[in-house]
Amino acid sequence: MRSQERIWHYPEITTANFLGHLGQSTESRRVKLPMFGVWFPGWCFGGLWVWRLPELKSAGPCRPSRSLRSSPISRRASTTRCLTIEKAKPIKCGTFGATSLQQRYLATGDFGGNVHIWNLEAPEMPVYSVKGHKEIINAIDGVGGLGIGEGAPEIVTGSRDGTVKVWDPRQKDDPVANMEPVQGENKRDCWTVAFGNAYNQEERVVCAGYDNGDIKLFDLRNMALRWETNIKNGVCSLEFDRKDISMNKLVATSLEAKFHVFDMRTQHPTKGFASVSEKAHKSTVWQVRHLPQNRELFLTAGGAGGLHLWKYEYPIQRSKKDSEGIEMGVAGSVSLLQNVTLSTQPISSLDWSPDKRGLCVCSSFDQTVRVLIVTKLHKI
């Protein structure tokens, strides 16, 4: 498949050329397209922009290549900034994961440790606000909204103060779960959090990654630490291949150009979950996102400005018995399908469209937002 996938992107949208790309009104030509959250962790101002994108039309065919190609897109309408939110505290992270499709409330974490939920139709005051952490909130995730995951809508946040907290927007002030180091244990900077296993009304887990390479899996039903491991380098990003199914796979990306794929179906009492690791990007692997339409495909973003498209292959048997007759998992393998370099700076965030197969968006430290299309995914 290496010669078939292609990637197209819009002309770059930067802080220097916003006015040239963004229209002044959205009333005349509204286009219903998915809404994305793109975050710039290095920006030190309290602002958030939301864009509406035009329909996509290819400017011409791409010749087959052994790498992902970046080809121009003809824009049938101007990319339009339809909302600007300026706040006192810089915004670090955000998610739509705990809101309904009708409301589309945005939950954010900021540099002051505050958790806010915003109604983007009336963003002057948050609909929910709590001082969640003592220090900056590095990561946030949501579940129970957007039709993804069973059970109540919840938000999880991870902070530099070493705590991971779960919030129910219907309950003010206090978290419904608080995972923090025991007394005397060193507090580690939590870099990433992810919900998973939300396949019924009772089950739900939170996975957290830390700066020292620790990965901890918290069982919210039993309020207990279910599993932990260490991958030797700081954990930059975590994602289950699906939040709303029984745990299947978990991908963890890290510093030192490596990511790990854990098979989450079988947990051994002492060895934990089977995993496979892979070198990638020759730099920090900042982000991972699974394709919503095919959970075996995922995209990683690197510190050298590249995107890599991977495919996971299951083993013939996903479990086997050890020498003592106890079931243990068997890891599969990963293969690189395509890659492309978009920037000279790290790509710090990315997201797929849940509606349009192959449509994705990413941001990088060069203060650029790029909208891309990966083609031929239905043939993999």
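Scope of this entry: the structure provided in the associated data block. Since this is a predicted model, take the numbers as computed values, not measurements.

**Comments concerning the pattern of salt bridges**
Okay, so step 1: One pass over the full model with this rule turns up 13 salt bridges.
Okay, so step 2: As a salt-bridge pair, D211 and R188 come within 3.2 Å of each other at their nearest N and O atoms. Of this pair, D211 sits in the loop between β17 (205-210) and β18 (214-219) while R188 sits in the loop between β15 (177-179) and β16 (190-196); the two residues are 23 residues apart in sequence, bridging distant segments of the chain.
Okay, so step 3: The partly exposed category is assigned to D211, whose relative accessible area is 24%.
Okay, so step 4: We classify R188 as partly exposed; its relative accessible area is 33%.
Okay, so step 5: In this structure, K249 engages E296 in a salt bridge whose closest nitrogen and oxygen atoms are separated by 2.7 Å. Of this pair, K249 sits in strand β21 (residues 249-254) while E296 is found in strand β25 (residues 294-302), placing the two residues 47 residues apart along the sequence. A single burial state applies to K249 and to E296, both of which are buried.

**Observations regarding the packing of aromatic side chains**
Okay, so step 1: Using the criterion set out here, one finds six aromatic pairs in the structure.
Okay, so step 2: Aromatic side chains W227 and F262 sit 5.3 Å apart centroid to centroid with 70° between the ring planes, which places their arrangement in the edge-to-face category. Linking W227 in strand β19 (residues 224-230) with F262 in strand β22 (residues 258-268), this pair joins segments that are 35 residues apart in sequence. Both residues of the pair, W227 and F262, count as buried.

**Some details on the pairing of β19**
Okay, so step 1: Across six bridges, β18 lies against β19 in antiparallel orientation. Looking at β19, one finds that K216 is bridged to E228.
Okay, so step 2: Hairpin connection of β18 to β19: four residues between the antiparallel strands, including M223 at a positive phi of 50°.

The rules we used
All residue numbers refer to positions counted from 1 along the written sequence of the respective chain. Given that the model is predicted, a residue must reach a pLDDT of at least 70 before its local features are reported, and side-chain atom pairs must reach 80 or more before they are shown or counted; all residues, however, enter totals for whole chains, interfaces and linings. Hydrogen atoms and water are omitted, and side-chain values are computed over all heavy atoms in the structure. Note on definitions: salt bridges are taken to be side-chain nitrogens of Lys or Arg within 4 Å of carboxyl oxygens of Asp or Glu. Per the convention used, a helix needs a DSSP run of H or I reaching at least four residues, while a strand needs a run of E reaching at least two, with both numbered from the N terminus. Exposed residues in this analysis have more than 50% of their type's maximum accessible area, buried residues have under 20%, and partly exposed residues fall in between, with area computed by a 1.4 Å probe over protein chains only. Pairing of aromatic side chains here covers Phe, Tyr and the six-membered ring of Trp, requires ring centres within 6.5 Å, and sorts the geometry by plane angle: under 30 degrees stacked, over 60 edge-to-face, intermediate tilted. Strand pairing is defined by DSSP finding a minimum of two bridges between the two strands.

These results come straight from atomic positions and should not be treated as a statement about function.
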